[in-house]
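Topology and contacts: notes
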Amino acid sequence: MDTMSIELVPNLLNKLPLSGREELNLSNSPRIDLSSVSSEAEKGAQTFKHRNSASIWSGIWQASLPFVGDFSCGRAPSESNTASSSGNHRGKLSFGKNYYEGWRAGIKRVVMNGGSMRRIFGFSRTWTSASKADIWLLGVCYQVAHTGNESTDPTQSEGFSAFVEDFSSRIWITYRKGFSPIGDSKFCSDTNWGCMLRSSQMLVAQAFLFLKLGRSWRKSHDKPYEHLGLLQLFGDSEDSPCSIHNLLQAGMAYGLSPGSWVGPYAMCRAWECLLRNTNSEVLGSMMALHVVSGDEDGERGGAPVLCTEDVSRRCYEFSRGQVDWTPILLLVPLVLGLEKVNPRYIPLLSATFTFPQSLGILGGRPGASTYIVGVQDEKAFYLDPHETQQAVDMQKDDIDSGISTYHCNVVRQMPLDSIDSSLAIGFFCRDKSDFDDFCSRASKLIKESNGAPLFTISSSRAENTSNHNTVSGDTPTRRDDDLVDGLGSCEQPQEDDWQLV
C-alpha cells in the first residue's frame, strides 16, 4: 500500500501559551480519538493511536525565535487575513504576528537545536516520501527544501511545518453516527456509503471558508469559534442547510438516496439543486454554483466546456438581478479513463492545484471517495472521510469537542496515478477579476494539453458550437444526457451512469 500517514500531536493547540492574556485551563479538553479508523481507501492498513507528546513541548516557549521565511514559492507575503482580500492573491501566503508565531518559533527552535519534526509531530511511521519538491495545497506553495543543504530532511523545514498547519486547518468531514433518521428511512449513520457526500461537503466547506475568512485563515487558539457558524451549516440534521439529509433530498432527481453510493457527476448536480432551491438565507447569500458540463449539442467525445456567458448568467440569477457578478463555485465532473486516470491527464490535474482558485478534487480509489487537497511530485495529499464519529449538535453539545472533530491531525497521501478516473475538480472565484485570472490560467493549461484538455473555455454558446475542442479517442464516451441544458436542470432528471465513485 502506497498510502502513508503522519499523525500530529493531539490537542497541540491546547498546549500553546496565549498571547497577551491569562492562559486558559484546558486540561480537561476532549481529544479526538483516531484509534478506530474505518477506511475504505486503506483496507487492511494499520491504524494508529495518539501518542502523548506533552513532554516534547517543555521548555520550547521560553525563548522563541522570530519566524522568518516565505513559503509561497518566491511570492511576496502580501495577502491580508481578511475575507475581502483579492482572490488573485490567495497563493501569496502571509503570516501575521498572531498566536501561531510562537508555534512556528518553537518548532524552529527545536529544529535548530538538532530536534526532529518527526518527534514534534509524532510521526506514526517514517515519512519515506521525504521529497524536496514543493508542495502545493489548494493554490498555496510550500518550499520544503533547505537551500544549500541537500542532506537535510525536508520534514524538518519551516515550509513543512507551515504546510502541516495549513492542512490541519482545512475543514474535515467524516462519516457520522447517531443522527436523526434521514427522511423516511431508518438510516442514522452514513458509514460505508456516504463517502462521496462527505468529500463533497469538505470541498464546498473550503469554498465557504475562503469566502468568509480568506485563504490565509488558520485555526487559532485565541479565536477557536471564528468558523463555528460555517461548521453549523454542515451539521447532521435537516436544520443544517448543507447536511447530508438536505443533500440527499436535493439530489433525488439524480439518483441520490440513503444507503446508496453516488458518483461525482450526480454529486455536483445535487449541490447545484441544493444551492439553487434553498430557503436558507445564509446559503442564499453565499455564492453561485455552476457545473461545467459538455457541449450543448451533445457531441460525443468532447471535453466539458466552460461557457463564460453561462457563468455570467448564473451570477446574475443568483443575485436576483441586483449585480452582474457574485462569488461563484465551479465544479467540473470528469471521466479521464476507464478504471484509472489516463497518465496523460495527471500533469494537468496536478497543475490545477497551482491555481489560486483551487478547491481540490473529489476523487479517490474505486469505491472509496476522498477529498484531495494537495500534490507533491506524483503524490496526492487528501482528507479521508472514512472514519465514523459521533454526530454532534453544535448548538447544544460541547462546542470545543465538536469543533475538534472537524479538523484532521493525520496527513495522508496516495499516488496520483492510482485515483479513480471518475472525479470532479472544484474552483472558487471571488469576483470577476478572479474569474478572469482563472480563465487565463486555464487557457494556458489547455494550450499545454497536447490536444487532450481537462475542459475547454468559450465565451458564448455560438462560439462553442462552431469551434469544438475534442479529447483524444482514449477518453470514455460521454453521455448525451450528461449535457443537460447548459445550466443543468433540477426538475428534469436524467439517468446518471456515473454511479461508481
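Residues numbered from 1 in each chain as written. Predicted model: local features only at pLDDT ≥ 70, side-chain atom pairs only at ≥ 80, totals over all residues. Heavy atoms only, no water.

Before going further, it helps to examine the overall build of the protein. Tallying secondary structure elements over the protein gives 13 helices and 14 strands in all. Here the protein holds 501 residues, and 60% of them are scored as buried. Relative to all contacts within the protein whose residues are 6 or more apart in sequence, the contacts with residues 24 or more apart total 75%. Looking at the protein as shown, the accessible area adds up to about 19500 Å², and 48% of this sits on carbon and sulfur atoms. (Helix = DSSP H or I, 4+ residues; strand = E, 2+ residues; numbered from the N terminus. Buried < 20%, exposed > 50% of the residue type's maximum accessible area, 1.4 Å probe, protein only. Contact = heavy atoms within 4.5 Å. Areas by Shrake-Rupley, 256 points an atom, 1.4 Å probe, with all protein chains shown as cover.)

Right, let's talk about the packing of helix H4 (residues 195-213) against helix H7 (residues 264-277) for a bit. Axis separation between H4 and H7 bottoms out at 11 Å; the angle between their running directions is 50 degrees. With respect to H7, the element H4 is oriented oblique. With respect to the hand of their crossing, H4 and H7 are arranged in right-handed fashion. For the pair H4 and H7, the contacting residues are Met196, Leu197, Ser200, Gln201 and Val204 in the first and Pro264, Met267 and Trp271 in the second. Partitioned by chemical class, the residues of the contact of H4 with H7 number six nonpolar, two polar and no charged. (Axes fitted to C-alpha atoms, helices over the stretch in contact; angles between N-to-C directions. Parallel < 35°, antiparallel > 145°, perpendicular 65-115°, else oblique. Left-handed = near helix turned anticlockwise from the far one by under 90°. Nonpolar A, V, L, I, M, F, W, Y, C, P; charged D, E, K, R; others polar.)

All told, the structure shown has 14 aromatic pairs when counted by the stated rule. Note on phenylalanine 355 and phenylalanine 438: the rings are 6.0 Å apart at their centroids and 70 degrees apart in plane angle, and the pair reads as edge-to-face. In this pair, phenylalanine 355 sits in the loop between helix H10 (346-352) and strand S8 (358-365) while phenylalanine 438 sits in helix H12 (residues 432-447), placing the two residues 83 residues apart along the sequence. Among the residues examined, phenylalanine 355 registers a relative accessible area of 4% and is labelled buried. For phenylalanine 438, a relative accessible area of 1% translates into the label buried. An aromatic cluster is present here, built from Trp325, Phe355, Phe427, Phe435, Phe438 and Phe455 joined pairwise through their rings. Above the face of the tyrosine 406 ring, arginine 176 is positioned so that its terminal group lies 4.8 Å from the ring centre. Positioned above the aromatic ring of tryptophan 325 is the side chain of lysine 432, whose terminal nitrogen or guanidinium carbon lies 5.5 Å from the ring centre. (Phe/Tyr/Trp six-rings, centres within 6.5 Å; stacked < 30°, edge-to-face > 60°. Lys NZ or Arg CZ within 6 Å of the ring centre and 35° of its normal.)

Examined against the element boundaries, threonine 352 turns out to sit in helix H10. Among the residues examined, threonine 352 registers a relative accessible area of 1% and is labelled buried. In contact with threonine 352, other than residues within four places in its own chain, are Ser358, Ile425, Phe427, Leu445 and Leu454.

Along a regular strand, successive side chains alternate from one face of the sheet to the other. Of all nine residues that make up strand S9 (residues 368-376), nine are buried, and the element is covered over most of its length. As paired strands, strand S2 (residues 135-137) and S9 are joined by two bridges and run antiparallel to one another. Of the residues in S9, the one forming a bridge with leucine 137 is glycine 374. Direction of pairing for S8 relative to S9: antiparallel, over a ladder of five bridges. Opposite isoleucine 361, over in S9, you have isoleucine 372 as the bridge partner. The antiparallel pairing of S8 with S9 creates a hairpin that spans two residues between the two strands, and glycine 367 there sits at a positive phi of about 80 degrees. With five bridges connecting them, S9 and strand S10 (residues 379-383) associate as antiparallel partners. Bridging across to S10, glycine 374 finds its partner in phenylalanine 381. (Pairing = 2+ DSSP bridges.)

The next thing to look at is the nonpolar core. Core analysis: the largest hydrophobic core is formed by 75 residues, its most contacted members being Phe163, Phe208, Phe234, Leu256, Met267, Trp271 and Leu329. In terms of residue count, H4 provides more of this core than any other element does, 12 residues in total. Once residues within four sequence positions are removed from consideration, phenylalanine 208 is found in contact with Leu230, Leu233, Phe234, Cys242, Leu283, Met286 and Met287. If you look at the next biggest cluster of nonpolar residues, it comprises 42 residues, including Ala288, Leu306, Tyr382 and Ile425. (Core = buried A, V, L, I, M, F, W, Y, C linked by side-chain atoms within 4.5 Å.)

So, about the pattern of salt bridges. Evaluation of the coordinates by the stated rule reveals 14 salt bridges. A salt bridge links glutamate 309 to arginine 313, with the nearest nitrogen and oxygen atoms 3.7 Å apart. Linking glutamate 309 with arginine 313, this pair stays in helix H9 (residues 308-318), spanning four residues, or about one helical turn. For glutamate 309, a relative accessible area of 34% translates into the label partly exposed. Here lysine 432 makes a salt bridge to aspartate 436, at a shortest N to O gap of 2.9 Å. Placement of the pair is lysine 432 and aspartate 436 together in helix H12, with a separation of four residues, close to one helical turn. (Salt bridge = Lys/Arg side-chain N within 4 Å of Asp/Glu carboxyl O.)

Turning our eyes to something else, we now look at the confidence of the model for the protein. Averaged over the protein, the pLDDT score is 74; the fraction of residues at 70 or greater is 64%. Mean pLDDT across the elements of the protein ranges from a minimum in helix H2 (residues 117-121), with 40, to a maximum in S2, with 98. Counting contacts from residues 296-300, a segment whose pLDDT is below 50, to residues more than four positions away or on other chains yields 13 contacts. Within the model, pLDDT remains below 50 along residues 491-501, and this stretch shows 39 contacts once partners closer than five positions in the same chain are excluded. (pLDDT = per-residue confidence, 0-100.)

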